[in-house]
Amino acid sequence: MGSDSGNVQKREQWGSRVGFILAAAGSAIGLGNIWRFPYLVGKNGGATFILVYLIITVLIGLPVMLAEFAIGRAAQKSPVAAFGALKVNPFWSVIGWMGTIAGGFLVLSYYNVIGGWTIRYMIASFTGLMDAAATADQSGAFFGSFIGKQAEVVLFQVVFMAVSMFIVLGGIGKGIERACKVMMPLLFIIVLVLIARSVTLPGAEAGLDFYLNPDWSKLEDPTLYLDALGQSFFSLSLGLGIMITYGSYLGKDERLPSASLWTAGLDTLIALLAGFAIFPAVFAMGFEPGAGVGLTFITLPAVFAKMPGGTYVSFLFFLLLFFAAVTSAMSLMEVATTFAIEKFSLRRSDAVWLMGIIIILLGGYSSLSLSGPPKITIMGKSKDFLDAVDYLCNNVFLPVGSLLACVFVGYVWLEPAKKELTSDGKFAFPWMGAWTWCVRVISPLAIIYIFYMGLAW
Ligand code: TRP
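Residues numbered from 1 in each chain as written. Predicted model: local features only at pLDDT ≥ 70, side-chain atom pairs only at ≥ 80, totals over all residues. Heavy atoms only, no water.

1. Quick notes on the overall build of the protein
Tallying secondary structure elements over the protein gives 19 helices and two strands in all. Across its three principal directions, the C-alpha atoms of the protein cover 60 × 50 × 45 Å. Restricting the contact set of the protein to residue pairs at least 6 apart, pairs at least 24 apart contribute 82%. For the protein, the accessible surface area stands at approximately 17,000 Å², while carbon and sulfur atoms represent 68% of it. Looking at charge distribution, the protein has the averaged site of its 28 positive side-chain charges lying 8 Å from that of its 26 negative ones. (Helix = DSSP H or I, 4+ residues; strand = E, 2+ residues; numbered from the N terminus. Contact = heavy atoms within 4.5 Å. Areas by Shrake-Rupley, 256 points an atom, 1.4 Å probe, with all protein chains shown as cover. Lys, Arg positive; Asp, Glu negative; His and termini not counted. Charge placed at Lys NZ, Arg CZ, Asp CG, Glu CD.)

2. Quick look at the packing of helix H3 (residues 47-75) against helix H17 (residues 385-412)
Running from amino to carboxyl end, H3 crosses H17 at an angle of 70°, the nearest separation of the two axes being 10 Å. What the angle tells us is that H3 and H17 run roughly perpendicular. In the crossing of H3 with H17, the sense of the turn from one axis to the other is left-handed. When H3 is examined against H17, the residues Val64, Ala67 and Ile71 are found in contact with a partner set consisting of Ser402, Cys406, Phe408 and Val409. (Axes fitted to C-alpha atoms, helices over the stretch in contact; angles between N-to-C directions. Parallel < 35°, antiparallel > 145°, perpendicular 65-115°, else oblique. Left-handed = near helix turned anticlockwise from the far one by under 90°.)

3. Re unusual backbone geometry
Across the chain, the bulk of peptide bonds are trans and the bulk of non-glycine residues have phi less than zero. Non-glycine residue lysine 87 carries a positive phi angle of around 55°. With respect to the helices and strands, lysine 87 occurs in the loop between helix H4 (79-85) and helix H5 (93-126). A positive phi angle is found at serine 237, which is not glycine, with a value near 60°. When its relative accessible area of 12% is taken as the criterion, serine 237 is described as buried. (Buried < 20%, exposed > 50% of the residue type's maximum accessible area, 1.4 Å probe, protein only.)

4. Observations regarding the site of the ligand
Within the structure, the ligand sits among 17 residues, and Ala28, Gly32, Tyr111, Phe234 and Ser237 are positioned closest to it. Between the ligand and glycine 32, the relevant distance is 2.9 Å, taken from an oxygen atom to a main-chain nitrogen or oxygen of the residue. A distance of 3.1 Å separates a nitrogen atom of the ligand from a polar side-chain atom of serine 237. With the chains in place, 100% of the 360 Å² that the ligand exposes on its own is no longer accessible. Put simply, the parts of the chain that give the shell around the ligand at least two residues each are helix H1 (17-28), helix H2 (31-43), helix H11 (222-235) and helix H15 (310-343). Split into classes, the residues belonging to the shell around the ligand amount to nine nonpolar, eight polar and no charged. (Near = heavy atom within 4 Å. Polar contact = N/O pair within 3.5 Å; in protein donor to acceptor, adjacent residues only side chain to side chain. Nonpolar A, V, L, I, M, F, W, Y, C, P; charged D, E, K, R; others polar.)

5. Re the environment of lysine 218
For lysine 218, the position within the fold is in the loop between helix H10 (205-212) and H11. Spatially, the C-alpha atoms of lysine 218 and lysine 43 are 9.6 Å apart, while their sequence positions differ by 175 residues. Not counting the four nearest positions on each side in its chain, lysine 218 is found in contact with Lys43, Asn44, Gly45 and Leu224.

6. As for H1
Between its first and last C-alpha, H1 extends 17 Å over 12 residues, near the 16 Å set by a 1.5 Å rise per residue. With 10 of 12 residues buried, H1 is to be regarded as a mostly interior element. Inspection of H1 places Gly19, Phe20, Ile21, Leu22, Ala23, Ala24, Ala25, Gly26, Ser27 and Ala28 among the buried residues, and these make up the whole buried set. (Expected span 1.5 Å × (residues − 1).)

7. Topic: the packing of aromatic side chains
Applying the stated criterion across every chain, the model contains 32 aromatic pairs. Relative to phenylalanine 142, the ring of tyrosine 121 lies with its centre 5.8 Å away and its plane at 90°, an arrangement referred to as edge-to-face. Note that tyrosine 121 is positioned in helix H5 and phenylalanine 142 in helix H7 (residues 136-148), a separation of 21 residues in sequence. Assessed through its relative accessible area of 19%, phenylalanine 142 is described here as buried. Considering the side-chain rings of tyrosine 121 and phenylalanine 318, the 5.1 Å spacing of their centres and the 50° angle between planes classify their relative orientation as tilted. Here tyrosine 121 is found in helix H5, whereas its partner phenylalanine 318 is found in helix H15, with 197 residues between them in sequence. By relative accessible area, phenylalanine 318 is classed as buried at 0%. Joined through ring pairs, the aromatic side chains of Trp35, Trp117, Tyr121, Phe142, Phe143, Phe146, Phe297, Phe304, Phe317 and Phe318 make up one cluster. When the ring centre of tyrosine 249 is taken as origin, the NZ or CZ atom of arginine 11, which lies over that ring, is 4.2 Å away. Note that arginine 36 overlies the ring of phenylalanine 234, its terminal NZ or CZ placed 5.5 Å from the centroid. (Phe/Tyr/Trp six-rings, centres within 6.5 Å; stacked < 30°, edge-to-face > 60°. Lys NZ or Arg CZ within 6 Å of the ring centre and 35° of its normal.)

8. Some details on the pattern of salt bridges
Using the criterion set out here, one finds 10 salt bridges in the structure. Note that arginine 120 and glutamate 152 form a salt bridge whose closest N and O atoms lie 2.5 Å from each other. On the criterion of sequence distance, the pair formed by arginine 120 in helix H5 and glutamate 152 in helix H8 (residues 150-169) is long-range, its members being 32 residues apart. Using a relative accessible area of 23% as the deciding quantity, one classes glutamate 152 as partly exposed. Between aspartate 350 and arginine 347 there is a salt bridge, with its nearest N and O atoms 3.9 Å apart. Residue classification places arginine 347 among the partly exposed positions, given a relative accessible area of 43%. (Salt bridge = Lys/Arg side-chain N within 4 Å of Asp/Glu carboxyl O.)

Below, the structure is given as C-alpha cells:
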C-alpha cells in the first residue's frame, strides 16, 4: 500500500478485464441512476423518454466515452498530464485541469455529503426512522432536523470520505478493482430484491403505469432532450476526465469499444431497474413521486414506513445507494489522487491524504451551507453552496469538458485515436466510420445545444 511513487515505478494496471469493466461501471452507476433517472423517465413520458435516452446514449454518450478511454490509454497518464504525453498543443490540458478541479474537488465534495446521509439513513432504518417517517410531512421534518445538526452531518460525511480514501489507498487493482468486484454484484442483487418487494405490493400497477406508459406527445417538448442529454453525460461519468484516468490504467490488449459498450450497458440497465424498485412502491403506498433529495430522503422513508418489512427494505435501499455512491466517489477521488501523484511526485498514500483533507474541507462547507447562510447567486437565482456546485458542474463543466474532448479527438488527434481504438490494428472495429462522424459532428452539435439551453434556463 502506498509504495508506488508514480514516476519511477511501472504504472499499475487493472488486474482483469472484468475488474476494469466493473470499476468503470461502478463509477458510472451512482446517485444519478437511482434518484434522477427514474424520475426523469416518469416526468418525460415513460417509455418515450427511455427510447430517446437510449438513442442519445448510443449516438453521443458512447462515442465520448470511447474518446476518453482512447486518450487515457494512449497517454498512460492523469488527465492533466495526458495531453503533454500525447505531444499536442498544451492548450488541450485544459480538459484535464477542468476535469480534475470540477470532478475531483467540486462534484466529490457534494457527493460525499450525500454519501454521508446514506450511512446515517442505513443506521436510522433500525433506530427510529420508521416511526419518525410515518407521513411525508413527518419524514420531511426528520430530514430537516438531521441536516440542521451540523456536527452530525459533517461526521457522516467524513466517515463516507474515509471509506473511499481507504479504498483508493489500496491503488487500482487491490483497492478500486477489488472493492468494485464485491460491491457491484451486491448492488445488482439488492436492486433485484427491492424490485421483488416493490412489484408485489397491492396497487403496484399504478407505479408501472407512471413509469412506462409512453406519451408520444412529449417528443415535442425540448426539455425531454435536454434532460436526456444531461442525464446521459452525468450518468456515464463523462466530461471530467474520469474515463481518461480509468483508461490510463489499461493495457493494449483491452478492446476499448466492447469495454465502453459494457460500461454504458450496465449503467443503463441499473438506471432502468431502479425505476422498477421505486415507483411501484411509491404508488402502492399512495405517495406522489418527486426527484433527488426529496424523493430519496423524504418520500421513500415514508413509503418504507408503511410497507410490511419496511425496516429491512429501507436498510437495503440505503445500502444500495451507499454502494452506488461510494464506487462513484472513489473514481472521483482517483482522479485527484493520480493528479497529485504525478504533479507533485507524491507517494499514493500521501496523495490520498492531501487530496482527502482538501475535499473534506470543501465538503464541510457544502454540508454547513444546507443549514446556514452562505448563498451564491447564479443567473439571478440564489442557491446554497451544494446546489450551486451541482448546477455549475452539470451545466458548465460536464458539457464543456465533453465538447473539448470531442473536438480534440475529432479534429486534432483523429488518426492516433483510430489506431488506439483498434489497439494498433490488432482488433477490428467495424463502427469506426460511425464513431468518427459522432465525435466530429453529432456530439459537438448536441452538446452546444444543451449548453445553450442549460444557460438560457
Ligand atoms: N456517474 C455518477 C452518477 O451517476 C456520478 C459521477 C461519478 C460523475 N463520476 C463522475 C458525473 C464524473 C460526472 C462526471 O451518479
